[in-house]
Amino acid sequence: MTLMERMTMTDQPLLRVEGLTKRYGQRIGCADVSFDLYPGEVLGIVGESGSGKSTLLSCLAGHQRPDLGRIAYDGRDVLAMSETERRRLSRTDWAYVHQNPRDGLRMGVSAGGNVGERLMAVGARHYGDIRGKAADWLGRVEIAADRIDDRPSAFSGGMQQRLQIARNLVTGPRLVFMDEPTGGLDVSVQARLLDLLRGLVRDLGLSVIIVTHDLAVVRLLAHRLMVMKSGRVVEQGLTDQVLDDPQHAYTQLLVSSVLQV
Amino acid sequence: MIRIENLSKSFTLHNQGGAVIPVMAGAALTVGPGECVGLTGQSGAGKSTLMRMVYGNYLAAGGRLMVGDLDVATAEPRQIIALRRQTLGYVSQFLRVVPRVPTLEVVAEPLLALGTPADQARERAASLLRRLNIPERLWSLSPTTFSGGEQQRVNIARGFAHAYPALLLDEPTASLDAANREVVLSLIEEAKARGAAILGIFHDEAARARVCDRLVDVTEFTPKAAA
Amino acid sequence: MTDQAYNFAYLDEQTKRMIRRAILKGIAVPGYQVPFASREMPMPYGWGTGGVQVTAACLVPEDRLKVIDQGADDTTNAVSIRRFFQRTAGVATTEATAEATVIQTRHRIPETPLKAGQILVYQVPIPEPLRFLEPRETETRKMHELEEYGLMHVKLYEDIARHGQIATSYAYPVKVEGRYVMDPSPIPKFDNPKLGNNPAIQLFGAGREQRIYALPPWSRVESLDFDDHPFEASKAAHDCDLCGAGHSYLDEVITDDAGGRMFVCSDTDFCAGRRAKGHRGRLSSEGVAPPPHPSPTRGEGGASLDAMVHVNDPLASSPPRGEGMGVGGADPEGTA
Ligand SMILES: Nc1ncnc2c1ncn2[C@@H]1O[C@H](COP(=O)(O)OP(=O)(O)OP(=O)(O)O)[C@@H](O)[C@H]1O
Ligand SMILES: Nc1ncnc2c1ncn2[C@@H]1O[C@H](COP(=O)(O)OP(=O)(O)O)[C@@H](O)[C@H]1O
Ligand SMILES: [Mg+2]
Ligand SMILES: [Mg+2]
Ligand SMILES: [Zn+2]
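Summary of the structure given here.

Here is what the cut-offs are and how they apply
- Residues numbered from 1 in each chain as written.
- Chains lettered and ligands numbered in written order.
- Predicted model: local features only at pLDDT ≥ 70, side-chain atom pairs only at ≥ 80, totals over all residues.
- Heavy atoms only, no water.
- Helix = DSSP H or I, 4+ residues; strand = E, 2+ residues; numbered from the N terminus.
- Rg over C-alpha atoms; globule rule 2.2 N^0.38 Å.
- Buried < 20%, exposed > 50% of the residue type's maximum accessible area, 1.4 Å probe, protein only.
- Contact = heavy atoms within 4.5 Å.
- Areas by Shrake-Rupley, 256 points an atom, 1.4 Å probe, with all protein chains shown as cover.
- Lys, Arg positive; Asp, Glu negative; His and termini not counted.
- Charge placed at Lys NZ, Arg CZ, Asp CG, Glu CD.
- Buried area = accessible area lost by both parts, 1.4 Å probe.
- Salt bridge = Lys/Arg side-chain N within 4 Å of Asp/Glu carboxyl O.
- Nonpolar A, V, L, I, M, F, W, Y, C, P; charged D, E, K, R; others polar.
- 1 Å grid on protein atoms, 1.4 Å probe; cavity = no way out; pocket = protein on both sides within 12 Å on 5 of 7 lines; lining within 4 Å.
- Points joined across faces, edges and corners; volume = space filled by probe spheres on them.
- Polar contact = N/O pair within 3.5 Å; in protein donor to acceptor, adjacent residues only side chain to side chain.
- Phe/Tyr/Trp six-rings, centres within 6.5 Å; stacked < 30°, edge-to-face > 60°.
- Lys NZ or Arg CZ within 6 Å of the ring centre and 35° of its normal.

**Here we look at the overall build of chain B**
So, point 1. Across its full length, chain B carries seven helices and nine strands.
So, point 2. Taking 227 residues into account, the globule formula puts the C-alpha radius of gyration at 17 Å, and chain B, at 18 Å, falls close to it.
So, point 3. Reported as C-alpha extents along the three principal axes, the dimensions of chain B are approximately 55 × 35 × 35 Å.
So, point 4. Within chain B, the fraction of its 227 residues that count as buried is 55%.
So, point 5. For chain B, the share of sequence-separated contacts (at least 6 apart) that also reach a separation of at least 24 residues comes to 70%.
So, point 6. Element-wise, carbon and sulfur atoms account for 51% of the exposed surface of chain B, whose accessible area totals about 9500 Å².
So, point 7. A distance of 4 Å separates the average location of the 24 positive side-chain charges in chain B from that of its 22 negative side-chain charges.

**Overview of the interface of chain A and chain B**
So, point 1. On the side of chain B, 29 residues touch chain A, which itself brings 33 residues to the contact.
So, point 2. Roughly 2800 Å² is buried in total at the junction of chain A and chain B, and carbon and sulfur atoms are behind 52% of that figure.
So, point 3. Run the count over chain A and chain B and you get six salt bridges.
So, point 4. At the level of elements, α1 (3-9), α8 (187-204), α9 (215-221), β10 (232-238), α10 (239-244) and α11 (249-256) of chain A are the ones that each hand at least two residues to the side of chain A that touches chain B.
So, point 5. Here the side of chain A that touches chain B takes seven residues from α8 of chain A, the largest share from any one element.
So, point 6. Of the residues in the side of chain A that touches chain B, the class split is ten nonpolar, ten polar and 13 charged.

**Remarks on the layout of surface pockets**
The method is simple in principle: a probe with the dimensions of a water molecule rolls over the atoms, and the space it marks as empty is what remains.
So, point 1. One number sums up the size of the second largest pocket: a volume of about 1100 Å³.
So, point 2. Surrounding the second largest pocket, 31 residues form its lining, R87, S90, R106 and R167 of chain A together with E139 of chain C being those nearest its centre.
So, point 3. Where the lining of the second largest pocket is concerned, the elements lending two or more residues are α3 (83-92), β6 (94-97), α4 (101-104), α5 (111-121) and α7 (157-169) of chain A together with α4 (137-145) and α5 (150-163) of chain C.
So, point 4. With five residues, the top contributor of residues to the lining of the second largest pocket is α3 of chain A.
So, point 5. Of the residues contributing to the lining of the second largest pocket, the split by class is ten nonpolar, eight polar and 13 charged.

**Considering the interface of chain A and chain C**
So, point 1. Opposite the 22 residues of chain A that make contact, chain C presents 21 residues.
So, point 2. When chain A packs against chain C, the two sides together hide about 1900 Å² of surface, and 55% of this comes from carbon and sulfur.
So, point 3. The largest share of the area that chain A buries against chain C comes from R87, R125 and Y127 of chain A, three residues that together contribute 38% of it.
So, point 4. Run the count over chain A and chain C and you get four salt bridges.
So, point 5. A salt bridge links E148 of chain C to R91 of chain A, with the shortest nitrogen-to-oxygen separation between them at 3.9 Å.
So, point 6. For the interface between chain A and chain C, the tally reads eleven residue pairs in polar contact (both at pLDDT 80 or more).
So, point 7. Elements represented by at least two residues in the side of chain A that touches chain C include exactly α3, α5 and α6 (127-140) of chain A.

**Here we look at the packing of aromatic side chains**
So, point 1. Tallying each qualifying case throughout the model produces 14 aromatic pairs over all chains.
So, point 2. Ring geometry for F204 of chain C versus Y213 of chain C: centroids 4.8 Å apart, planes at 5 degrees, classification stacked. Of the two residues, F204 of chain C and Y213 of chain C, neither departs from the other in class, the shared state being buried.
So, point 3. Cluster of aromatic residues (ring-pair linked, three or more members): Y73, W94, Y96 and F177 of chain A.
So, point 4. In this structure, R78 of chain B is placed above the aromatic ring of Y38 of chain A, and the distance from its NZ or CZ to the ring centre is 3.5 Å.

In structure tokens:
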């Protein structure tokens, strides 16, 4: 069996979410969200602005505590973990790519230092090795090796986003959260990023949860799609099935309001 | 390999007054290994719809839709993903790819997704592109800027890269010249020879006659009320 | 001339008890920053009110107090603090490291090895070693709690990437007993090896930041580093021009307008002690009485001391931080 077959045939979901609910006072952030994510799978989350996508993602990533529901990661109850355990997970097994690279990078630290931080956080103590790994990852995200000592503030938006991805993936996480990773980038830069992400998902067997409002992005990147409206999941399924044969009125509207995805 | 029983399909247009359009009822057919079955029927009869349901791209409303031992009509998304990766290939009418990705990579991708070593995958992709007369100077470019016929051939190369046990072909020869059509037909014959079950839509009578073992007219499956 | 208007050592007994509790907690959890309610002292924060409060809480009438500033006993800062405790506690004072029971220090550890029973009190401007990397206090506290210290190495990484070596030469971060990362106050990294395995008790007081932390005797203290860029307690490649010491920490002193300069021990007591035993350096001619320890810039307190170039760190990109600014009104929060 190939690696990929083994990954797709595993019967254990990497992430199992049940009845996740988060309220902001009277307002619903997200309500009763359930899904399973398997190793090697990319799950897209779409929905109009304010539909609860970011709320859901931040609850999943442990940035916010949901009011109700269960999250199991690799069979472990995430909400019952101590903060130490959860933070250790988010330094090793998990990664979070922010919509705004400034939120996910240390702007005062060089590109190499940004990439190396997670390595040092898990105990890497050999400067040469750390720098070698950082250079390797900069290469993978197509940032020239001679920029390794430059600060991200000297990078374009697309480069910053790629740097953020390198910084997140260097420790070989198994689960990556992405909130609008291609937002604010022009189309050709988006395309490069998509290509990069697809390659990484394929080569590293990553599981990804990606929030976006761009249906073209999810069509190319996500295996499965979840459509949210007013905090609830109104439809989920295979990405191309949801986009080509949408069942819910809201999804039909969403799809028809976008030209040819 | 493919067994369809009592399959039905309708579309509900929520944003057009909730209109329900029944497009298929009681559909049934089988395709055995090494066999090629052609779908016929006038435009709009439901050929592509049926094929898309087999691929899991459209949801079935009812019935059974077996590919190997998986019922696509009721399968979980991830089972369909695995099916598409390993078992069921699909050459659609249009090529849909990530912009900027070189043609060679586009064609090699189904193999890479299966974990085939990169050089092996690219070698196979190159041989298919060569056979389909895509000039080598185009291989490093994205197919997004190619002509319709070139895109179609890239799409075919991609569909034939992995030796799927079952294949869906939606008008694979539509916009091809005689020489390239010949290549595609021989690819289909080779696939049959290795035991692939093929469900195809061919508007070209000669092509149909040459590769199809049986024909199924989907007009038979048109719901009575709508007919 | 003890001033009867004050309680012994200025602070009231209740405050001293509160500070002693913080000190004991600090000793019990080496390297952990214990919050305490810092009191106003009759001097600006920049003068080391944290250290002064810790000293006040430690002193007993039998103590012999030494106060040094960058190694010297004769700067305004050191003299004032020494005089303060003479007046408020009536304790004996000394300049001899070996004779002192309590030593309050700013930016140095004496060259003469400390002994069991001695207490070394450091004045600390910024107790939080993570501060410059992560300004949020809630976050740094969490990082200590969860031992998330990767960021400290990011700083060292940046040093090497930029300068080819770890350029941090003051306040060089250490890990205590394999647990807490600690700022040793702006001592030169030359002094770092003396932090560990030291028979004396070492106490650190930050007045403005209201933190006390401690190293009990014989603590295990490691300076952070990389396997391939190990920590080095570097010093100037010179001997002391007065006493000829080859392995003491040196100040560079400008001697005239023509660019003349000399290197002298920053520890005045150590230097004088060596000269008294007959050791001589390059600029003290045989038989002639040695010149007094030159301290042309010391009379002004900390600020000008910081301005002196420490030759052992030609790459230092930032001056020692914090307290050096604190002469009188120079410290914006000095009287807050
Ligand atoms: N996504 C959809 N939503 C609504 N109706 C659809 C959708 N896809 C197909 N249909 C309808 O289903 C019927 C069958 O269409 P289909 O595309 O399967 O025809 P076809 O037989 O492939 O035709 P052609 O030969 O022109 O390609 C048509 O009435 C079509 O309008
Ligand atoms: N911190 C917050 N406090 C109060 N309401 C919030 C907060 N964050 C989000 N919301 C509300 O929750 C709902 C979902 O928001 P969000 O998750 O940001 O949506 P999305 O990411 O899909 O645009 C919206 O009604 C939003 O106004
Ligand atoms: Mg959002
Ligand atoms: Mg069709
Ligand atoms: Zn000397």
